Amino acid sequence: MAEVLTHAEPHDEHADKPHGWRRWVYATNHKDIGTMYLILSGTMFFIGGTAAMLIRAELFKPGLQFFDPQFFNSLTTMHGLIMIFGAIMPAFVGLANWMIPLQIGAPDMALPRLNNLSFWILPFAFTLLISSFFVPGGAPAGGWTMYPPLVLQTGAAFPMLIFSVHLMGASSILGAINVIVTIVNMRAPGLSLLRMPLFVWSWLITAYLLIAVMPVLAGAVTMLLTDHFFGTTFFTAAGGGDPVMFQHIFWFFGHPEVFNWTATMWKGSLSYEPPMLFALAFLFLFTIGGFSGLMLAIVPADYQYQDTYFVVAHFHYVLVTGALFGIMAGVYYWLPKWTGRMYDQTLGNWHFWLSAIFVNVLFFPQHFLGLAGMPRRIPDYAVQFTDWNMVSSIGGFGFGLSQLLFPYLIWKCIRSGQPIGNRAWEGAHGLEWELPSPPPFHSWTTPPSNAVIARGAEH
């Protein structure tokens, strides 16, 4: 470790860091910005999750219990937008900000002020989106995918929706540019592309995809805007347009973000702490979502599945047990590195098992509801769908409440966790584990030597 830490002495002035609100508002340090992304993601997760629990409360039994149909559809739309654009995507960017410089031996992201801008765009975007609940006509109610012609019937919230999506897209593009420039130009000498960790590789590919597809989404929602306000008919059949064309453009944006894994664990020496439990659950449950997606791609069969709760089950197995469980696996793996303390693994195990059980109680019955013909995005339903909706709602309440263990575990870890050394896990490899835990405010001010790179790359 001497070759890593000796650079601290002649660079004492770099130990200074801003304090108070200025540290966060003017942040250019990749770890601070990564932390803010993760806090924003967690906040949006619980806001979007609250909307989901309200949805499941309404669907607990037939009849209109709490909300009129318009507000119910606003809840479903905002739940999807907030969860995907506000919880899932910023969480991955937060992990990228925290870990990429540590894993490639760089002192920071290549464009730190751009990094600050790409984050601070997002709170304004989501404030704009959530405030649409309070304008005439209410929040958007056309589904999170914003399909026309239904979304074109949105009231005063329509331009707020379009502008917020543009802001989210701009943030993603700026963040992707930063990731690419950082990985290509700021790797430590001796760290070739083929020696980079898989996490860095996945983000390099994702960043190129984001730059390719985000302008496509921006173009699609701009076409919606001109259809709504300027009389164009891109998606209006009466004027020669095609509503289905929007779906093709939208999913050109959405589907490149789904990748697959598997062989990494093959014949590995596994131990079953919370990070591996979430990783294994992700692999198994994401496969369910993948196979149900194949079923939806079979045209004669999809005639029955289309716009039913089978589709809801499919994409929640992809996004909750896929993306969300993957994020939780990453947080549980790197949290000791970030804090310098080990969390309560018993509490982490409880969080995993409650999440894994209740997420299946929540979403698996929705396959049955869809196959039986229950349409999605409706606040009321026929009596024969009651039993499975009750089971699904119980799973939803259980899953939602079990997530409260996660922030409690993090808070408890920061306050009273057991201090750790450089490596939190037996056999942990990678340059991030060559630094102290938590890493210094300015990490890798001197690039790691070839010997350190080789030690970090051992398997």
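For the structure itself, consult the block above.
Keep in mind the model is a prediction, meaning the values are calculated, not measured. (Residues numbered from 1 in each chain as written. Predicted model: local features only at pLDDT ≥ 70, side-chain atom pairs only at ≥ 80, totals over all residues. Heavy atoms only, no water.)

A.B. asks: If you had to explain the overall build of the protein to someone new, which residues and values would you point to?
C.D. replies: In terms of helices and strands, the protein carries 15 helices and two strands. Expected size for 459 residues packed as a compact globule is a radius of gyration near 23 Å; at 23 Å, the protein falls within 12% of this value. Looking at the protein as a whole, 49% of its 459 residues are labelled buried. Within the protein, contacts between residues at least 6 apart in sequence are counted, and of these 79% link residues at least 24 apart. Taking the average location of the 18 positive side-chain charges in the protein and that of its 22 negative ones, the two points are 6 Å from each other. (Helix = DSSP H or I, 4+ residues; strand = E, 2+ residues; numbered from the N terminus. Rg over C-alpha atoms; globule rule 2.2 N^0.38 Å. Buried < 20%, exposed > 50% of the residue type's maximum accessible area, 1.4 Å probe, protein only. Contact = heavy atoms within 4.5 Å. Lys, Arg positive; Asp, Glu negative; His and termini not counted. Charge placed at Lys NZ, Arg CZ, Asp CG, Glu CD.)

A.B. asks: Explain the packing of helix α9 (residues 274-296) against helix α11 (residues 309-339) to me, and be specific about the residues and the numbers.
C.D. replies: Taken N-terminus to C-terminus, the directions of α9 and α11 make an angle of 160°; their axes are 8 Å apart at the nearest point. In terms of axis orientation, α9 runs roughly antiparallel to α11. The two elements α9 and α11 meet at a crossing, and its hand is left-handed. (Axes fitted to C-alpha atoms, helices over the stretch in contact; angles between N-to-C directions. Parallel < 35°, antiparallel > 145°, perpendicular 65-115°, else oblique. Left-handed = near helix turned anticlockwise from the far one by under 90°.)

A.B. asks: Go over the environment of serine 392 with me, naming the residues and quoting the values.
C.D. replies: Position of serine 392 relative to the elements: it lies in helix α13 (residues 386-402). Through-space distance from the C-alpha of serine 392 to that of valine 361 is 6.0 Å; in sequence the pair is 31 residues apart. Ignoring anything within four residues of it in the chain, the contact list for serine 392 reads Arg56, Val361, Leu362 and Gln366. Polar contacts involving the side chain of serine 392 include one to the side chain of glutamine 366, which spans 3.0 Å. (Polar contact = N/O pair within 3.5 Å; in protein donor to acceptor, adjacent residues only side chain to side chain.)

A.B. asks: Describe the packing of aromatic side chains, listing the residues and the values that go with them.
C.D. replies: By convention here, two paired aromatic rings are described through the distance between centres and the angle between planes. With the rule as written, the count across this model stands at 34 aromatic pairs. Relative to phenylalanine 246, the ring of phenylalanine 235 lies with its centre 5.3 Å away and its plane at 85°, an arrangement referred to as edge-to-face. Of this pair, phenylalanine 235 sits in the loop between α7 (198-229) and α8 (243-254) while phenylalanine 246 sits in helix α8; the two residues are eleven residues apart in sequence, bridging distant segments of the chain. Residue phenylalanine 235 shares its accessibility class with phenylalanine 246, and that shared class is buried. Measuring from centroid to centroid gives 5.3 Å for phenylalanine 278 and phenylalanine 325, while their planes differ by 80°, and the two rings are edge-to-face. Highlighted residues: phenylalanine 278 in helix α9 and phenylalanine 325 in helix α11, separated in sequence by 47 residues. Note on phenylalanine 278: relative accessible area 0%, which makes it buried. Three or more aromatic residues joined by ring pairs form one cluster here, namely Phe199, Phe278, Phe325, Tyr332, Tyr333, Trp334, Tyr343, Phe352, Trp353, Phe406, Trp425 and Trp433. (Phe/Tyr/Trp six-rings, centres within 6.5 Å; stacked < 30°, edge-to-face > 60°.)

A.B. asks: Summarise the packing of helix α3 (residues 30-58) against helix α4 (residues 69-104); cite the residues concerned and give the values.
C.D. replies: Relative to each other, α3 and α4 sit at 155°, their axes nearing to 7 Å. It follows from the interaxial angle that α3 and α4 lie roughly antiparallel. The crossing of α3 and α4 is left-handed.

A.B. asks: Could you give an account of the pattern of salt bridges, naming the residues involved and the relevant values?
C.D. replies: Enumeration over the complete set of coordinates arrives at four salt bridges. A salt bridge links aspartate 344 to lysine 412; its shortest N-O distance comes to 3.0 Å. Here aspartate 344 is found in the loop between β1 (341-342) and α12 (345-371), whereas its partner lysine 412 is found in helix α14 (residues 405-416), with 68 residues between them in sequence. Residue class for aspartate 344 comes out partly exposed when judged on its relative accessible area of 28%. Lysine 412 gets classed as partly exposed once you look at its relative accessible area, which sits at 27%. (Salt bridge = Lys/Arg side-chain N within 4 Å of Asp/Glu carboxyl O.)

A.B. asks: So, the side chain of asparagine 116: which residues are in play, and what are the values?
C.D. replies: The topology assignment puts asparagine 116 in helix α5 (residues 112-130). There is a polar contact of 2.7 Å between the side chain of asparagine 116 and the backbone oxygen of alanine 27. Setting aside its immediate chain neighbours within four residues, asparagine 116 contacts Trp24, Val25, Tyr26, Ala27 and Ile33.

A.B. asks: Could you give me a rundown of the nonpolar core, with the residues and numbers involved?
C.D. replies: By size, the foremost hydrophobic cluster in this structure holds 114 residues, and its most contacted members are Phe85, Met146, Trp203, Leu224 and Trp338. With 18 residues, α4 is the single largest residue contributor to this core. If we skip the residues at most four places from it in the chain, tryptophan 338 touches Leu38, Leu95, Trp98, Met99, Val331, Pro438 and Pro439. Counting twelve residues, the second-largest nonpolar core is a separate cluster that includes Ala51, Phe72, Val312 and Tyr381. (Core = buried A, V, L, I, M, F, W, Y, C linked by side-chain atoms within 4.5 Å.)

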